[in-house]
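What follows is the residue order along each chain.
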Amino acid sequence: MALLKRILRPEHVFLVIFVPLSIMACLLYPVGAGFDEEAHVSRIDQLARGGIVAPEVDRADIDYRYYLDSSSEDPLYGGVVDRSLAEVTFKGDKVFLLNPGRAYVFPTWQTPDVAVEASYGDEDVLIPFSNTAINTPVTYLPQLVVFSIARLFVDGAYTLIVLMRLSQTLVLALALFFAIRLIPIGKWPLAVVGMLPVTIMVNAGVTGDMMCFVCCVGFLVALLRLLLEKPADARRSWVVLVATIVCLGLVKMSYLPLMMLAILIPIVRPEYRARRYYGIIGGAWIASVLLFGAWYLVAVSGVNTGAMFKDVVHPNEQMAFVLQHPLSFAKMLFDAFLQTNFFQLHNEYGYLGAHGVPLYDSLWVGILLLVVSLAIKDDREVTVKMPMKRALLIACGIIAMLLAVFVLVSLALYLQYTEVGLDVIEGVQTRYFLPTLPFLLVALLVPYRQSIDPYIKRPTSLVVPATCFLTALEVFYALVIVYNFVRVIF
């Protein structure tokens, strides 16, 4: 029984399921079909060449073989990138999105209307990628390192892109493995989030979302360890907390409100109410805001990312409307909140859902997994020893900051993606809120554990069968992912 418990540790189950599924997705997901993968790959190539700040590009010099002009009069930002990368991702993206229901051969990059002959280093082209031109190097750290080294030895565009995909998958797998092991409560919920189809598919294409997810999860783990564990174990947690706070503004500025949760530490834990700890928290906040502010002034201010996609997206006009009609905008936010499928637990995995192929609806599996995971307490998890008022304070603080993140994400999309005059907010996607799901689960878990931990000792005879059931359900979920993915692609 003890051996079975060690084998079925949540981090072990996560690794065994997540890694094979993610490698499958990285290899089979058509190149260019990931969320904005064409723009992310172009930005990484630019950064590898030393182009930290993307310049404005002259429309007369753009290679329109690899860009569909939006006819917007606003400036476009981008730069010189390798033609092979631009051709592979542009062609793959358009073929995948504009041909729903079509089948690929194996491997997907040998499909006749997708395959290209270009090699990396043959020729450069100038294209805009305003939507990723504002991203910092931190956003692409693993992919940038691997790409910068691999391009010295490899000239195949497909190979370079797949290597970047695999690098971010490996980093995410390792980050979540150690996060699950170290988080003081909620090990199984975090493992389940890591194995969701949307987590796997969002990170199957070259993306900037992976570092955001890693930073958010790292911050959450450090925050909970400081809130729930003994001060003697706190030094490493403080280091991780500060590092993730500083990085949050550099990987996804809309997630900056999460750093405010650090103030819960001295509120909940009296031993941290010293000037030293207030200084650490305040210093991390200041550093994050200053770095974000500096990058904003240098690389973000004045960039209209929506100019790449639509003709009538004007951030200044949209901001004027928000300031002049706050109640109307509040109604838009409320409508967007009601209409947004925040965590996409059903069968649409990224762009796969756009192909119209009937898929097995796994919504019930995802919901059941999350519910069961919240009910199982790993034997390494701490007991929540605090008054219910403090547990509720933690929960309310988390929910308030998640709402702030939603407002900032929606505001950004209203300013940069929604056409002027519309009374809705366009472009709100599941992947923007995936990093917030672990926070939401913790907000539910802390008061729940506080109420039952002091009084109920779960018998081992119930924990092991529950863990086996959860593992079996997750294996079934994995098979559903494979079935749906293969059904769409092939």
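So, here is what we can say about the structure in this document. (Residues numbered from 1 in each chain as written. Predicted model: local features only at pLDDT ≥ 70, side-chain atom pairs only at ≥ 80, totals over all residues. Heavy atoms only, no water.)

Pairing in this open sheet of three strands is antiparallel, and the strands run β1-β2-β3 from one edge to the other. Whereas interior strands pair on both sides, the edge strands pair on one side only; in this sheet they are β1 (56–57) and β3 (124–128). When strand β2 (residues 76–82) meets β3, the two strands line up antiparallel, connected through five bridges. Within β3, the position partnered with Gly 79 by the bridge is Ile 127. Those strands touched by helix α3 (residues 37–48) are β2 and β3, and its axis lies near 70° from that of β2. (Pairing = 2+ DSSP bridges. Helix = DSSP H or I, 4+ residues; strand = E, 2+ residues; numbered from the N terminus. Contact = heavy atoms within 4.5 Å. Axes fitted to C-alpha atoms, helices over the stretch in contact; angles between N-to-C directions.)

Attention now moves to unusual backbone geometry. Positive phi, close to 55°, is recorded for Asp 36, a residue that is not glycine. Tracing the sequence through the fold places Asp 36 in the loop between α2 (10–28) and α3.

This next bit is on the side chain of Thr 305. Checked against the element boundaries, Thr 305 lands in the loop between α13 (275–300) and α14 (315–324). Look at Thr 305 and you get buried, because its relative accessible area is 12%. (Buried < 20%, exposed > 50% of the residue type's maximum accessible area, 1.4 Å probe, protein only.)

A separate point is the environment of Asp 209. Turning to its location among the elements, Asp 209 is positioned in helix α10 (residues 209–228). For the pair Asp 209 and Pro 435, spaced 226 residues apart in sequence, the C-alpha to C-alpha distance is 8.8 Å. Apart from residues no more than four positions distant in its own chain, Asp 209 is found in contact with Val 202, Asn 203, Lys 252 and Arg 431. One polar contact links Asp 209 to Arg 431, side chain to side chain, over a distance of 2.9 Å. (Polar contact = N/O pair within 3.5 Å; in protein donor to acceptor, adjacent residues only side chain to side chain.)

What follows deals with the packing of aromatic side chains. Tallying each qualifying case throughout the model produces 14 aromatic pairs. Pairing Tyr 64 with Tyr 67 gives two aromatic rings, centres 6.1 Å apart and planes at 40°, and the pair type is tilted. Given the relative accessible area of 35%, Tyr 64 is considered partly exposed. With centroids separated by 6.4 Å and ring planes inclined at 25°, the aromatic side chains of Phe 219 and Phe 439 adopt a geometry described as stacked. Note that Phe 219 is positioned in helix α10 and Phe 439 in helix α18 (residues 437–452), a separation of 220 residues in sequence. (Phe/Tyr/Trp six-rings, centres within 6.5 Å; stacked < 30°, edge-to-face > 60°.)

Mapped onto the secondary structure, Thr 136 falls in the loop between α5 (130–133) and α6 (141–150). For Thr 136, a relative accessible area of 4% corresponds to the buried category. Engagement of the side chain of Thr 136 in a polar contact is seen with the backbone oxygen of Leu 250, the distance being 2.6 Å. With near-sequence residues (within four places) excluded, Thr 136 lies in contact with Leu 47, Leu 250 and Trp 295.

Across the eight residues of helix α8 (residues 187–194), eight count as buried, placing the element largely inside the fold. Turning to α8, its buried residues are Lys 187, Trp 188, Pro 189, Leu 190, Ala 191, Val 192, Val 193 and Gly 194.

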